[in-house]
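Structural overview for review
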2 protein chains.
Amino acid sequence: MAHVNENYAKLPGSYLFSEIARRTAAYAEAHPEADLIKMGIGDVTRPLAPAVIAAMHAAVDDLASSETFHGYGPEQGYDFLREAIQQADFAARGVDIAVDEIFVSDGAKSDCGNIGDILSVNNKIAVCDPVYPVYVDTNAMAGRAGEYDEQAQGWSNIYYMPTTAENGFAPELPKEPVDVIYLCSPSNPTGTVLNAEQLKTWVDYANQQDAIIMFDAAYERFITEEGVPHSIYEVPGAKTCAIEFRSFSKTAGFTGARCGYTVVPHELVRDGQSLHDLWNRRQTTKFNGASYVIQRGAAAIYSEEGAAQVEETLDYYRKNAAVIKEGLEAAGFTVFGAVNSPYIWCQTPSGMGSWEFFDKLLTEANIITTPGAGFGPSGEGYVRLTAFGDAERTVLAMERIKNLMAGE
Amino acid sequence: MAHVNENYAKLPGSYLFSEIARRTAAYAEAHPEADLIKMGIGDVTRPLAPAVIAAMHAAVDDLASSETFHGYGPEQGYDFLREAIQQADFAARGVDIAVDEIFVSDGAKSDCGNIGDILSVNNKIAVCDPVYPVYVDTNAMAGRAGEYDEQAQGWSNIYYMPTTAENGFAPELPKEPVDVIYLCSPSNPTGTVLNAEQLKTWVDYANQQDAIIMFDAAYERFITEEGVPHSIYEVPGAKTCAIEFRSFSKTAGFTGARCGYTVVPHELVRDGQSLHDLWNRRQTTKFNGASYVIQRGAAAIYSEEGAAQVEETLDYYRKNAAVIKEGLEAAGFTVFGAVNSPYIWCQTPSGMGSWEFFDKLLTEANIITTPGAGFGPSGEGYVRLTAFGDAERTVLAMERIKNLMAGE
């Protein structure tokens, strides 16, 4: 008799975005004239860069002729892309990462989820609170989370590290031993960053404890301030304790095209085994490489022309982020993020719950946000806004909020 | 202290294709004048259908403008593709599969590997011998295989079902309880098929035992004979016991483009849980959908124009398979497969080991094959040839073999 993975039954429903959709749909039905502005979901809206489009067209043409056809590619990604990544994302920042330490994939979500395959189920996991739910859910599925406590909104065997305005959004070192630590900088959802000194503390801790840091750098291209590492490998000692996830989704608009990569340094060894070799074995056995067409498109991001075009789009979003930050602050709100991130983490007006404030913005300003409580208990008292929308609509949203608050 | 998944250390080296490459390179270096014909690896060589190319170009153009841009798509695949699949691959054959039972992915290798996520580690696995290594290796990684026995070339906790000429390549029902059964028809590597009656025996067995059949139908488009199911769901009762994997790799040349799909029926329930819901949860948590561009290309396979073009390419490969079968038989060999498959499973001359015959074909006919022993102990005494090469070169290969055997 076949049995299912018993851990799935422990998962609480994932209702955040469906509940947002439900409330939004109900409001829209009751108010068909409402002009809703979506600032909730972290999906991009700007087109791919022309250089990327050209490279994808050329790659599609390659597949149209037997002379230039590409069948199975390397599971780890084509060297034309891995070499471009190594040069631009690491060597150019003075970071020594080898080409074969870079594993190209169909996206960071897959890698963040699949990385657990190479780890023992007995590892103790530590995550920030609020947090990107994928880190928690994938570990719960693998049996590392213990039991879910509805009351506490957390898992019995996961170590939660609150990141709030009170501690400057910097997680404190754990007070009990943990084995695998997820850090996201710039953070989803808070939009805040960890500086070099803060990351150094974590790297030293992980090396001392033989822990592993899972470093999610999906939003690194939004960093504008000096002193904020774009890669954890800018921090001395990180290669013996950290795996880094990168994504082209927010960098270059690949949320629908699908491409990302993961760095696993050779120096990262636990139980006498190379994590690089384990991940290589996992990927060669359970993955057949990212699409040739998409890898060609991704490589074009690193051309001179492509890099300039991508930068233009990033500036578009960065400007939106600045507009939101300034608009909310002018309306009297306390906000975090935005400076190094497409996410703006806004404190709710005194005493208001995040779902209550979500409803207020929906019904009184026709703006859709994401309630912070959906990312964990410490997200209560905040909503998340994203800078990925249309520039004019973003300005309009801030005018509405200004008027809303002026009327209070 | 972080620990790694201890099961990876138990995996034997995966040396089949690297050993083939090593022997081939050594021969080529010693004989630079040799004109080698590759009939070893199962990768396609013909270009994508013009309709697929056109659809991919149009999809790339969609991503070039904000009006037609596609960001995150449904993790389960776009309805335009799922509906086309449902109609052409199931409804047209009288098989009742719902659109939401079809999960589009980046390929069957990923799905075959990842499906284990939703199953208990305590399930007992049954596989054919010889076998596509991914079924075995992924279960070994998950801890379901026990220990590897180098002498027996097998795992202590996997139930092996020999499929050889002696039993007509039809695995016998297990003599001890098993929970998850992998079946591949048309088979990789033997090229043989299970007919409707044989599959019915397995479906009845699985339903009676509450087992699950993992049915790999990646090569179904090569079936030419009547009475051979293209889908296990053509067999009554399969929807309560089977998951089916499909691939566009061999069907339509997507080995480099990457797309496939998996069917998980709503009726498939174990431990009181819907496998469909578990897989949906797995995919929404650990996957972000296949590339929009590639899904558009895959959908074009189902257009009238695309279907005709794909059929033309399949005929090209089918003709190669017939040429190989006839050529080998004319040279005095006993061969299997080919009729419903791009794979030809050729018995070695009397008493010759499969690596020995591999070497003979390499050095005396300059043809590269795959030794059957690489797919499991019961593959000893066979080599695999593939029909995915150039038509003229395939004819040339058979002439060489004819001459080789005539000279013996």
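Everything numeric here is computed off the predicted structure, so don't read it as measured data.

1. Looking at the nonpolar core
Counting residues in hydrophobic clusters, the biggest one holds 133 residues, and the most contacted among them are Ile213(A), Phe254(A), Ile213(B) and Phe254(B). Setting aside residues no more than four positions away along its own chain, Phe254(A) makes contact with Leu48(A), Val52(A), Met56(A), Phe248(A), Ser249(A), Cys259(A), Ile294(A), Gly297(A), Ala298(A) and Ile301(A). Listed in part, the 66 residues of the second largest apolar core include Leu119(A), Val131(A), Ala145(B) and Tyr182(B).

2. Notes on the relation of the copies chain B and chain A
Once chain B is rotated about the relating axis by 180° and shifted along it by 0.0 Å, it coincides with chain A to within an RMSD of 0.0 Å. Each copy turns onto its partner about a two-fold axis. Closest approach to the rotation axis within chain B is made by the C-alpha atom of His57(B), at a distance of 3.0 Å. A share of 100% of interface residues in chain B that are also interface residues in chain A marks the association as one of identical surfaces.

3. A closer look at the environment of Glu408(A)
Residues and elements named next belong to chain A. In this fold, Glu408 is placed in the segment after helix 12 (391-406). Overall, Glu408 belongs to the exposed group, its relative accessible area being 59%. Sequence separation between Glu408 and Ala49 is 359 residues; the distance between their C-alpha atoms is 43 Å. The contacts of Glu408, once residues within four sequence positions are left out, are Lys360 and Glu364.

4. Some remarks on the state of the cysteines
For the coordinates displayed, the defined rule picks out 0 disulfides over all chains. Take Cys128(A): it sits in no disulfide, and the sulfur closest to it among the cysteines is that of Cys184(A), at 8.4 Å. Note on Cys128(A): relative accessible area 12%, which makes it buried. Cys112(B) carries a free sulfur, and the closest cysteine sulfur to it, the one in Cys184(B), is 8.2 Å from it.

5. A look at the interface of chain B and chain A
Each partner contributes to the interface: chain B provides 78 residues, whereas chain A provides 78 residues. Of the roughly 6400 Å² buried at the junction of chain B and chain A (both faces included), carbon and sulfur atoms supply 55%. Looking at the side of chain B facing chain A, the largest losses of area belong to Val4(B), Tyr72(B) and Arg281(B), adding up to 11% of the total buried there. If you look at where chain B meets chain A, you find 42 residue pairs in polar contact (both at pLDDT 80 or more). Breaking the side of chain B that touches chain A down by element, the ones donating at least two residues are helix 2 (50-62), helix 4 (108-114), helix 5 (133-141), helix 7 (249-252), helix 8 (275-286) and helix 9 (292-300) of chain B. Top contributing element to the side of chain B that touches chain A by residue count: helix 8 of chain B, with 7 residues. Residues belonging to the side of chain B that touches chain A are distributed by class as follows: 33 nonpolar, 28 polar and 17 charged.

6. Some points on the environment of Arg281(B)
Position of Arg281(B) relative to the elements: it lies in helix 8. The class for Arg281(B) is buried, based on a relative accessible area of 17%. Sequence separation between Arg281(B) and Ile118(B) is 163 residues; the distance between their C-alpha atoms is 9.1 Å. For Arg281(B), the residues in contact, after removing those within four places along its chain, are Tyr8(A), Leu11(A), Pro12(A), Gly13(A), Ser14(A), Asp137(A) and Met141(A).

7. Let's talk about the packing of aromatic side chains
All names here are of chain A. Taken as a whole and assessed by the stated rule, the structure comprises 46 aromatic pairs over all chains. Both rings, one in Tyr317 and one in Phe388, keep their centres 5.0 Å apart while their planes meet at 80°; by these two values the pair is edge-to-face. Taken together, the residues span a long stretch of sequence, with Tyr317 in helix 10 (residues 304-330) and Phe388 in the loop between strand 17 (382-386) and helix 12 at a distance of 71 residues. Residue classification places Tyr317 among the buried residues on the basis of a relative accessible area of 2%. Look at Phe388 and you get buried, because its relative accessible area is 1%. Members of the aromatic cluster, joined through ring pairs, are Tyr219, Phe222, Tyr316, Tyr317, Tyr343 and Phe388. In this structure, Arg296 is placed above the aromatic ring of Phe80, and the distance from its NZ or CZ to the ring centre is 3.7 Å.

8. Focus on the packing of helix 2 (residues 50-62) of chain A against helix 9 (residues 292-300) of chain A
Residues and elements named next belong to chain A. Put simply, helix 2 and helix 9 touch, their axes get as near as 8 Å, and they point 150° apart. When the axis of helix 2 is compared with that of helix 9, the two are roughly antiparallel. As for the relative orientation of helix 2 and helix 9, their crossing is right-handed in sense. In contact with Ala51, Val52, Ala55, Met56, Ala59, Val60 and Asp62 of helix 2, helix 9 contributes Tyr292, Val293, Ile294, Arg296, Gly297 and Ala300.

9. Observations regarding the confidence of the model for chain A
For chain A, the mean per-residue pLDDT works out to 97, and 100% of the residues sit at or above 70. At the level of chain-chain contacts, confidence expressed as ipTM amounts to 0.97, with global pTM at 0.97.

10. Some thoughts on helix 3 (residues 79-90) of chain A
Residue and element names in this part refer to chain A. In this model, helix 3 (12 residues) spans 15 Å end to end at C-alpha, consistent with the 16 Å of a helix rising 1.5 Å per residue. Residues Leu81, Arg82, Ala84, Ile85, Gln86, Asp89 and Phe90 constitute the buried set of helix 3. In this fold, the buried residues of helix 3 make contact with strand 2 (102-105), strand 9 (242-247), strand 10 (260-263) and helix 9.

11. Points about the sheet that holds strand 9 (residues 242-247) of chain B
All names here are of chain B. If you walk across this open sheet you meet the 7 strands as 2-10-9-8-7-3-6, and the pairing is mixed. This sheet does not close on itself; its edge strands, each paired only once, are strand 2 (102-105) and strand 6 (158-162). Along the sheet, successive strands turn relative to each other by an average axial angle of 20°, direction set aside. Bridging between strand 7 (residues 180-184) and strand 8 (residues 212-216) involves 5 bridges; their strand directions are parallel. Paired with Ile181 across the bridge in strand 8 is Ile213. Relative to the sheet, helix 3 (residues 79-90) contacts strand 2, strand 9 and strand 10 (260-263), its axis offset from that of strand 2 by approximately 115°.

12. Focus: the sheet that holds strand 10 of chain A
Residue and element names in this part refer to chain A. In space, the 7 strands of this open sheet follow the order 2-10-9-8-7-3-6, with mixed pairing throughout. Among the strands making up the open sheet, the edge pair consists of strand 2 and strand 6 (158-162). Direction aside, neighbouring strands of the sheet carry axes that sit 20° apart on average. Relative to strand 10, strand 9 runs antiparallel, the two sharing 4 bridges. Counted as the bridge partner of Phe245 is Thr262 from strand 10.

What counts and what doesn't
Residues numbered from 1 in each chain as written. Chains lettered and ligands numbered in written order. Predicted model: local features only at pLDDT ≥ 70, side-chain atom pairs only at ≥ 80, totals over all residues. Heavy atoms only, no water. Core = buried A, V, L, I, M, F, W, Y, C linked by side-chain atoms within 4.5 Å. Buried < 20%, exposed > 50% of the residue type's maximum accessible area, 1.4 Å probe, protein only. Contact = heavy atoms within 4.5 Å. Least-squares fit on C-alpha atoms with pLDDT ≥ 70 in both. Helix = DSSP H or I, 4+ residues; strand = E, 2+ residues; numbered from the N terminus. Disulfide = S-S within 2.5 Å. Buried area = accessible area lost by both parts, 1.4 Å probe. Polar contact = N/O pair within 3.5 Å; in protein donor to acceptor, adjacent residues only side chain to side chain. Nonpolar A, V, L, I, M, F, W, Y, C, P; charged D, E, K, R; others polar. Phe/Tyr/Trp six-rings, centres within 6.5 Å; stacked < 30°, edge-to-face > 60°. Lys NZ or Arg CZ within 6 Å of the ring centre and 35° of its normal. Axes fitted to C-alpha atoms, helices over the stretch in contact; angles between N-to-C directions. Parallel < 35°, antiparallel > 145°, perpendicular 65-115°, else oblique. Left-handed = near helix turned anticlockwise from the far one by under 90°. pLDDT = per-residue confidence, 0-100. Expected span 1.5 Å × (residues − 1). Pairing = 2+ DSSP bridges.

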